[in-house]
Amino acid sequence: MENPIVTPSELKTEEFVVNIGPQHPATHGVLRVEATLDGEIIKDVLPHLGYIHRGIEKMTESLGYKQSIFLTSRMDYLSAHINNHVCALAIEKAAQIEVPARAKAIRIIMDELQRLTSHELWWGSCAMDIGAVTPFFLAFRDRERILELFEQNTGNRLTMSYIIPGGVMNDVRPDFVPKLKALIKSIKEYRKEYDQLITGNFIFQHRTQGIGILSKEQAISLGCTGPTARASGLSCDIRKLYPYDGYEKLDFKEVIDYGCDNWARYVVRMEEMNQSIHIIEQLLDNLPTGDYRTKLKGVLKLPAGEYYQRVESARGELGVYIVSDGGAKPYRMKFRTPCYSNLGAVKPISVGMKIADLMANMATIDLVIPDMDR
Amino acid sequence: MKALYNYLKEVAFAFVSLANGLLLTLKYFVTPWKSIITENYPDNRANPSVADEFAGEVILIHDENNEHKCTACTLCQLACPNNSIQIISKQVETEDGKKKKVLDKWVYHLEMCTFCKQCIDACPQDAIKMTNSYELSCFDRSTLTKILNQPGSKLKEKPKVTAKVQE
Amino acid sequence: MISMIQFSDVLAWIHQLLSSCMAPWLVFLIELVVASVAAVVALLVCVIIMVYMERKVAGHMQLRHGPNRVGWHGVCQLFADIIKLLLKECFTPTRADKLLFVVAPVLSLCVSLLALAPISWGPGLVLWNTNIGVLFVTAISSMGVIGILMAGWSSNNKYALMGAMRSGAQIVSYELSAGLSIVAIVALAGTLNTGGIIESQANGWWILKGHLPAFFAFIIYIIASTAECNRAPFDLAEAESELTAGYHTEYSGMQFGIFYLNEYINMGVVSMVASTLFLGGWQPFYLPFDFGWAHAFNDIMALKFMETWPAWISWVSLAWPLVWFFGKLFLIIFFMMWFRWTFPRLRIDQLLKLEWKYLLPLSIVNLVIIALIVVLGLHF
């Protein structure tokens, strides 16, 4: 007769697979993460892409250069201005278009405002992934103020298509500068509330500190850029390394943290918001006067060749690679989007952590799904 | 002893940091008239908080004589990335016997428009503009295809004076 | 107070009235049914207020209005929601354990309603006047986890299972410190009877006259009971951003509605216990001094001025203890809502660490100090 008593060595636990997504509150989009779990502990993470692939790169091949720009707003919809900017810069570089000083200044202001909106929204959604709901509303309140400014000056709130080859689509309103000054003042006030509610919070600090370690070597080998890599001590700010549109004349700090964990990524983004405010303040008082755009021909043609341009998006290095055959339409337009590379970091930093940490890791890497899939 | 001190210090710090956050939410809770930012949307239709510059639906500008400035040059149609504009023109004979292309129908497919302002930018005559309307949803898809030139409207004649100056 | 009408007088009068025209067993049956229905209805009314309150508190803390469409300031929103839930299909997944799936919400509802039995709502107003009242509540409330585990297991859903397992670990751990802080007050009061505990606070609430340890016990109890109710920041069983909806992921319609109701009933019961133990239940606030204005204040609190009023007006004084009881109840519930809409969620290991490394040692030390206070007779 068999012994009915089960000894501890015979008790086995089994790994099981949980699909996080494509419809899941934590992925903020249609990313599917296949997580292999042993109880609460993550053994493996496998992200699946392609649920929101719209073929933007292929679509550009049937559109002109000017029209391609509006498509780029739809990639990383939280930093639409910056996406437009990289495309405009690449086209200007290829066609050797001179951009007026006023347009350059407006572009930088818009870029930095966009970075602020993006980081504010990230702050809210990061806190929400960690379990606090109220910060999300605070973030939306502050983001709304900036979006109102966008609406007044560019006409749209989310997908602006404002920065175009040769400058910007239209001049800013006469009351742009005073309104922006008031806005900057209120953003500084709001920043204190962020620290009061979340940064100083004991639970939040314990949820992020020492969790999701991404070493510098890993960050380099995975191609991570932006705040994700800078939190691992890697200097990779394109605004400093390959300045464009007059960033070289501005005084700002490249925020680098050596903590490598979620907390470091949080701190880097929070400090970047301060730096963005600092950049805008420098431009506000001496906004150049003059033309806001160089008039271009109706149909833009680039000389045959290959062109690459990169900018610092809110999430990292955003590059565009254009192959032109001399025609009115690009032969090939390839985007190097930051989220796609940063997504690679999810697995190495999550394995061995708890499932709740996976959400915190994905939140601090700041993934925007349409940016990966394009 | 040091360990106990650190233990108690941690507990105290936890309480202080949590109380800080609680104070902020309490501040919002007790001052709703200051803190609430949401709008009672369908009730405030009379004065919506939408900027005049907001890029909504495209319209063809008509003046009081029912005249527009569109010369049917189709630049907007070419500039549109989504093919949401169709310019249907017709040939008419003017008094002096010359054939002339005039606008027949300015067809606007609102359902395909992404409000990218490329058509406004492309128009050499400033004949079209974007209104700041935002309630664009409807029950029937066919109502989204619009003909923007009003019936009986015609091209605005260029004033002779300015024509001379330009010559 | 002597000349004024008491709840016990009213109840005795009703009992007499029924006994005069019915057999004793029938009287007992009718009283049983009427009393329990009255308690459940009272609690349901509380739940309705609580749900509305939660939405408004959440709204105002999040810079929103909260519900403001259905009825005046959205007061009818909950009724609209209930109608929606009743009309929805109670969907059972194909591979679910059908019996357990249906039983789970009902079981957890029964358990949380059972804990209502020994609660003293007012002077003499108690369903089951037993000398093990508080013990019964703690025993019953730890059974609530069975319903959650059942729901998680029977749904045949990984999210639900994980939520249920988390909830199991959480409730079993937090029972300990909740129990220990209850024991602290039981030691001070010297009785387990809820009515007795409340009467022992006639000259001041335990949170005030029990020195600092009673205050610590109160804080520990609030934290532990928030965890027991699976409320944020301890809502790991639901953990919206991780497990979508946790143990009730697969539930829809009124079955989900029962879980929702259950959460609020649990909150209500926990707050009633907290107000009974620490805040003097239905006792008004008395100053523990005996001089001039303090005396006058205590007289006003005891409604002494009503003694000279005609008898038909002094009926109003019946509501006085109830006002205090429900006031304290909603105060504690407000605290729990306040926590929920401010704090981030803890991770499962931090949750257990908080209990086993912080709350449990603290509450044991606390209990020892309280025991010393009781033995040395240092409390008021």
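Quantities reported herein were computed from a predicted structural model and do not represent experimental measurements.

Each value, and the rule that gives it
- Residue numbers here run from 1 along each chain, matching the order of that chain's written sequence.
- Here every chain gets a letter starting at A, and every ligand a number starting at 1, in the order they are written.
- Reporting of local features is limited, given that this is a predicted model, to residues whose pLDDT is at least 70; pairs of side-chain atoms are given and counted only at 80 or more, and all residues count toward the totals for whole chains, interfaces and linings.
- Side-chain numbers come from the whole structure's heavy atoms, not from hydrogens or water.
- Secondary structure is summarised from DSSP: a helix means a run of H or I of at least four residues, a strand means a run of E of at least two, and numbering begins at the N terminus for each.
- Radius of gyration: C-alpha atoms only; globule rule: 2.2 Å multiplied by the number of residues to the exponent 0.38.
- For this analysis, residues touch if any pair of their heavy atoms sits within 4.5 Å.
- Here the accessible surface of atoms and residues is derived via Shrake-Rupley with a 1.4 Å probe, and residues count as covered only by protein chains that are part of the display.
- In this tally, Lys and Arg are treated as positive and Asp and Glu as negative; His is ignored, and so are the chain termini.
- Note that the charge is assigned to NZ on lysines, CZ on arginines, CG on aspartates and CD on glutamates.
- Think of a polar contact as two N or O atoms within 3.5 Å of one another; within protein, one of them needs to be a possible hydrogen donor and the other a possible acceptor, and neighboring residues in sequence only count if both atoms come from side chains.
- Put simply, two rings from Phe, Tyr or Trp (the six-membered ring, in Trp's case) pair if the centres are within 6.5 Å, and we call them stacked under 30 degrees between planes, edge-to-face over 60, tilted for the rest.
- Note on exposure labels: buried denotes an accessible area under 20% of the residue type's maximum, exposed denotes more than 50%, and partly exposed covers the range between, all computed with a 1.4 Å probe on protein chains only.
- Remark: a charge is flagged as sitting over a ring if the NZ atom of Lys or the CZ atom of Arg is within 6 Å of the ring centre and within 35 degrees of the ring normal.
- By convention, the term buried area covers the 1.4 Å-probe accessible surface removed from two parts as they join, with the contributions of both added.
- What counts as a salt bridge is simple: a side-chain nitrogen of Lys or Arg found within 4 Å of a carboxyl oxygen of Asp or Glu.
- When residues are grouped by polarity, Ala, Val, Leu, Ile, Met, Phe, Trp, Tyr, Cys and Pro land in nonpolar, Asp, Glu, Lys and Arg in charged, and all others, Gly among them, in polar.
- Orientation is described by axes fitted as lines to C-alpha atoms, over the contacting stretch for helices, and by angles from 0 to 180 degrees between their N-to-C directions.
- An angle below 35 degrees is treated as roughly parallel, one above 145 as roughly antiparallel, one from 65 to 115 as roughly perpendicular, and anything else as oblique.
- We call a crossing left-handed when the near helix sits turned anticlockwise from the far one by less than a right angle, and right-handed when that turn is clockwise.
- Residues enter a patch when their relative accessible area is above 30% and they make no salt bridge; the linking distance is 9 Å between like charges and 5 Å between nonpolar side chains (Val, Leu, Ile, Met, Phe, Trp, Tyr).
- UniProt positions are given in the numbering used here, feature names are shortened, and annotations may be inferred rather than shown by experiment.
- In this description, strands pair whenever DSSP reports at least two bridges between them.
- Under the convention used throughout, the expected extent of a helix is 1.5 Å for every residue step, that is, one less than its residue count.

Turning our attention to the overall build of chain A. Check the secondary structure of chain A and you find 15 helices and 8 strands. In summary, chain A has a C-alpha radius of gyration of 22 Å against a globular reference of 21 Å for 374 residues, a match within 12%. With the C-alpha coordinates aligned to their principal axes, the bounding extent of chain A is approximately 95 × 50 × 35 Å. By sequence separation, contacts in chain A at least 24 residues apart represent 70% of the contacts at least 6 residues apart. Accessible area of chain A: about 13600 Å², with a carbon and sulfur share of 55%. One finds the centroid of the 45 positive side-chain charges in chain A at a distance of 6 Å from the centroid of its 47 negative side-chain charges.

Moving on: the side chain of Asn157(C). All names here are of chain C. Its location among the elements puts Asn 157 in the loop between α6 (144–154) and α7 (158–189). Within the structure, Asn 157 has its side chain in polar contact with the backbone nitrogen of Tyr 159 (distance 2.7 Å). Excluding residues within four positions of it along the chain, Asn 157 makes contact with Gly 152, Thr 249 and Glu 250.

So, about the packing of aromatic side chains. The geometry of an aromatic ring pair comes down to the distance between the two centres and the angle between the two planes. Per the stated rule, a full pass over the model turns up 29 aromatic pairs over all chains. Between Phe101(C) and Tyr251(C), the ring centres sit 4.1 Å apart and the planes meet at 0°, which makes this aromatic pair stacked. Of the two residues, Phe101(C) is situated in helix α4 (residues 98–114) and Tyr251(C) in the loop between α11 (240–243) and α12 (253–277); the sequence distance between them amounts to 150 residues. Exposure class is identical for Phe101(C) and Tyr251(C). Each is buried. With 5.8 Å between their ring centres and 45° between their planes, Trp121(C) and Phe325(C) make a pair best called tilted. Taken as a pair, Trp121(C) in strand β1 (residues 120–122) and Phe325(C) in helix α15 (residues 319–340) lie far apart in primary sequence, 204 residues in all. We note that Trp121(C), like Phe325(C), is buried. Through pairs of rings, three or more aromatic residues link up here, namely Phe29(B), Phe334(C), Phe335(C), Trp338(C), Phe339(C) and Phe343(C). Positioned above the aromatic ring of Tyr190(A), the side-chain terminus of Arg141(A) is 4.1 Å from the ring centre.

Okay, the interface of chain B and chain C next. Facing the 20 residues of chain B at the interface are 20 residues of chain C. Summed over both sides, the interface of chain B with chain C buries roughly 1800 Å², with 70% coming from carbon and sulfur. Taken together, the links from chain B to chain C amount to 1 salt bridge. Ionic pairing is found between Arg69(C) and Asp43(B), a salt bridge with its closest N-O pair at 3.8 Å. Here chain B and chain C share 9 residue pairs in polar contact (both at pLDDT 80 or more) between them. Among the secondary structure elements, those contributing two or more residues to the side of chain B that touches chain C are α1 (2–30) and α2 (32–35) of chain B. Per element, the largest residue contribution to the side of chain B that touches chain C is 11 residues, and it comes from α1(B). A class-by-class count of the residues in the side of chain B that touches chain C yields 13 nonpolar, 5 polar and 2 charged.

The accessible area lost on association of the parts is a frequent measure of interface size. Between chain A and chain C, the residue contacts involve 35 residues of the former and 24 residues of the latter. Between chain A and chain C, a total of about 2400 Å² is buried, with carbon and sulfur atoms accounting for 62% of that surface. Counting across the chain A and chain C interface gives 2 salt bridges. With a closest N to O distance of 2.9 Å, Arg347(C) and Asp357(A) form a salt bridge. For the pair chain A and chain C, the interface holds 8 residue pairs in polar contact (both at pLDDT 80 or more).

A separate point is the packing of helix α6 (residues 176–199) of chain A against helix α11 (residues 262–285) of chain A. Residue and element names in this part refer to chain A. Close contact between α6 and α11 brings their axes to 10 Å; oriented N to C, the two are set at 160°. Considering their axes alone, α6 and α11 lie roughly antiparallel with respect to each other. Helix-helix and strand crossings are classified by hand; for α6 and α11 the assignment is left-handed. Counted together, Val 177, Leu 180, Lys 181, Ile 184, Ile 187, Lys 188, Arg 191, Tyr 194, Asp 195, Ile 198 and Thr 199 of α6 and Trp 263, Tyr 266, Met 270, Met 273, Asn 274, Ile 277, Ile 280, Glu 281, Leu 284 and Asp 285 of α11 form the full contact between these two elements.

Turning to α6(C), a few remarks are in order. One full turn of an α-helix is made of 3.6 residues, so residues set three or four places apart face in the same direction. Residues and elements named next belong to chain C. Burial of α6 is extensive: 8 of the 11 residues sit out of reach of the surface. Taken together, the buried positions of α6 are occupied by Gly 144, Val 145, Gly 147, Ile 148, Met 150, Ala 151, Gly 152 and Ser 154. Structurally, α6 contributes buried residues whose contacts are with α4, α5 (133–141), α7 and α12. Of the residues trailing α6, Asn 156 is marked for its positive phi of about 55°.

Time to look at a nonpolar patch on the surface. All names here are of chain C. A contiguous nonpolar surface patch, about 880 Å² in accessible area, is contributed by Trp 25, Phe 28, Leu 29, Leu 32, Val 33, Val 37, Val 41, Val 45 and Ile 49. Relative to the assigned elements, Val 33 resides in helix α2 (residues 24–61). Looking at Val 33, the relative accessible area reads 47%, which means it is partly exposed.

Now for the UniProt feature "transmembrane region" (unreviewed entry) in chain C. All names here are of chain C. When the UniProt feature table is mapped onto this chain numbering, "transmembrane region" (unreviewed entry) sits at residues 25–50, 99–120, 132–153, 174–198, 204–224, 264–282, 312–337 and 358–378. What you have in residues 99–120 is 73% helix and 5% strand, and the ends, taken at the C-alpha atoms, are 35 Å apart. Overall, residues 264–282 shows 74% helix and 0% strand. The separation of its end C-alpha atoms is 21 Å.

With that settled, the discussion passes to the sheet that holds strand β2 (residues 32–38) of chain A. Reading across from one edge, β1-β2-β3 (chain A) is the order of the 3 strands in this open sheet, with antiparallel pairing throughout. Looking at which strands have only one partner, the edges of the open sheet turn out to be β1 (16–20) and β3 (41–48) of chain A. The sheet shows a mean angle of 25° between the axes of neighbouring strands, direction not considered. In terms of strand pairing, β1(A) meets β2(A) through 5 bridges, oriented antiparallel. For Val17(A), the partnering residue across the bridge sits in β2(A) and is Thr36(A). Helix α14 (residues 355–365) of chain A rests against β1, β2 and β3 of chain A of the sheet, and its axis sits at about 150° to β2(A). Packed on one face of the sheet, α7(C) meets β1 and β2 of chain A and runs near 105° to β1(A).

Attention now moves to the pattern of salt bridges. Residues and elements named next belong to chain A. If you walk through the whole model with that rule in mind, you get 41 salt bridges over all chains. Here Arg 141 and Asp 142 are joined by a salt bridge, their closest N and O atoms 2.8 Å apart. For Arg 310, the salt bridge identified is with Glu 317, shortest N-O distance 3.1 Å. Glu 317 sits in the buried class, given a relative accessible area of 9%.

Attention now moves to the sheet that holds strand β6 (residues 305–312) of chain A. All names here are of chain A. In space, the 3 strands of this open sheet follow the order β6-β7-β8, with antiparallel pairing throughout. Edge positions in the sheet fall to β6 and β8 (332–336), since each of these pairs with one other strand and no more. Across this sheet, the average inter-strand angle for adjacent strands is 15°, counted without regard to direction. In this structure, strand β7 (residues 317–324) lies alongside β8, joined through 5 bridges in antiparallel fashion. When the bridges of β8 are listed, Val 323 appears paired with Arg 332. Packed on one face of the sheet, helix α3 (residues 80–95) meets β6, β7 and β8 and runs near 145° to β6.

A rise of 1.5 Å per residue sets the reference length of α12(C), with its 25 residues, at 36 Å; its end C-alpha atoms lie 37 Å apart and thus fit the reference within 8%. When you tally the buried positions in α12(C), you get 20 out of 25 residues, the bulk of the element.

The subject of this paragraph is the side chain of Asn201(A). The topology assignment puts Asn201(A) in the loop between α6 and α7 (202–208). In this structure Asn201(A) touches Ser17(B), Leu18(B), Phe343(C) and Pro344(C), once residues within four positions along its chain are discounted.

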